[in-house]
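Notes for the structure review
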Amino acid sequence: MKIENLGQCLLVSEIPELTAVNSAHFRDEIRAALPQSPTMIEIDLSETRFVDSSGLGMLFALYRATGQGNVVLRLLNPKPEIQQLLELTQMQLLFEIVQR
């Protein structure tokens with residue numbers, strides 16, 4: 001996983017999967033970067049092959065930790081199966097989903 005601070009944007013990329021195995025580490029790394037007060041967090045899912053319920057829970061926890069809308073949360077380039085999971089769970093209502 002790679003985290004880059006691009007001024008007001010925090011970019012998270014190189015995430016092979018979001019599962020029970022790595023969701024706590026993912027959450028902790030993002031929280032460590034949050035004190036810099038970004039106005040946007042972009043999570044690039046282009047390399048993400050699998051997301052389980054723990055990964056979805058971590059995304060929801062991130063939404064809650066960022067003030068439930070005070071920070072724009074954008075999911076970039078989810079693969080079709082990840083996009084479908086986000087739609088089935090209605091997570092697309094919490095996050096901006098962008099294909100670039």
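Scroll up a little and you will see the structure.
Here goes a summary of the coordinates provided. In this text the structure is predicted, and so the values were computed from the model without any measurement. (Residues numbered from 1 in each chain as written. Predicted model: local features only at pLDDT ≥ 70, side-chain atom pairs only at ≥ 80, totals over all residues. Heavy atoms only, no water.)

If the charged atoms of two oppositely charged side chains come close together, the side chains can form a pair. Overall, the coordinates contain 4 salt bridges when judged by the stated rule. Measuring nitrogen to oxygen at the nearest pair gives 2.9 Å for the salt bridge that ties Glu-42 to Arg-74. Here Glu-42 is found in strand β4 (residues 40–44), whereas its partner Arg-74 is found in strand β6 (residues 72–76), with 32 residues between them in sequence. Its relative accessible area of 7% is what places Glu-42 among the buried residues. Classification of Arg-74 as buried rests on a relative accessible area of 14%. A salt bridge links Arg-74 to Glu-96; the nearest nitrogen and oxygen atoms lie 2.8 Å apart. You can see Arg-74 sitting in strand β6 and its partner Glu-96 sitting in strand β7 (residues 96–98), a full 22 residues away along the chain. On the accessibility criterion, Glu-96 (36% relative accessible area) is partly exposed. (Salt bridge = Lys/Arg side-chain N within 4 Å of Asp/Glu carboxyl O. Helix = DSSP H or I, 4+ residues; strand = E, 2+ residues; numbered from the N terminus. Buried < 20%, exposed > 50% of the residue type's maximum accessible area, 1.4 Å probe, protein only.)

Glancing now at the pairing of strand β1 (residues 2–6). Sheet analysis places β1 next to strand β2 (residues 9–13), joined by 5 bridges and oriented antiparallel. Looking at the pairing, Asn-5 lines up with Leu-10 of β2. Hairpin connection of β1 to β2: 2 residues between the antiparallel strands, including Gly-7 at a positive phi of 80 degrees. (Pairing = 2+ DSSP bridges.)

Among the residues of helix α1 (residues 23–33), those classed as buried are Ser-23, Phe-26, Ile-30 and Ala-33. Each buried residue of α1 sits inside an arc of 95 degrees when the element is viewed along its axis, so together they form one side. (Arc of directions from axis to C-beta.)

Further remarks concern the sheet that holds β4. If you trace the 5 strands from one edge of the open sheet to the other, you get β1-β2-β4-β6-β7, paired in mixed fashion. The open sheet is flanked by β1 and β7, the only strands paired with a single partner. Ignoring strand direction, the axes of neighbouring strands in this sheet form an average angle of 20 degrees. In this structure, β2 lies alongside β4, joined through 4 bridges in parallel fashion. (Axes fitted to C-alpha atoms, helices over the stretch in contact; angles between N-to-C directions.)

Enumeration according to the criterion identifies 2 aromatic pairs in this entry. Clustering of aromatic rings is evident, with ring pairs tying together Phe-60, Tyr-63 and Phe-95. (Phe/Tyr/Trp six-rings, centres within 6.5 Å; stacked < 30°, edge-to-face > 60°.)

For Glu-42, the side chain forms a polar contact with the side chain of Arg-74, separated by 2.9 Å. Within the local environment of Glu-42, its side chain forms a polar contact with the side chain of Arg-100, the two groups lying 2.9 Å apart. When sequence neighbours within four positions are dropped, the list of residues in contact with Glu-42 reads Cys-9, Leu-10, Leu-11, Val-12, Arg-74, Leu-76 and Arg-100. (Polar contact = N/O pair within 3.5 Å; in protein donor to acceptor, adjacent residues only side chain to side chain. Contact = heavy atoms within 4.5 Å.)

Everything listed here is a matter of coordinates, which is why it stays silent on function.
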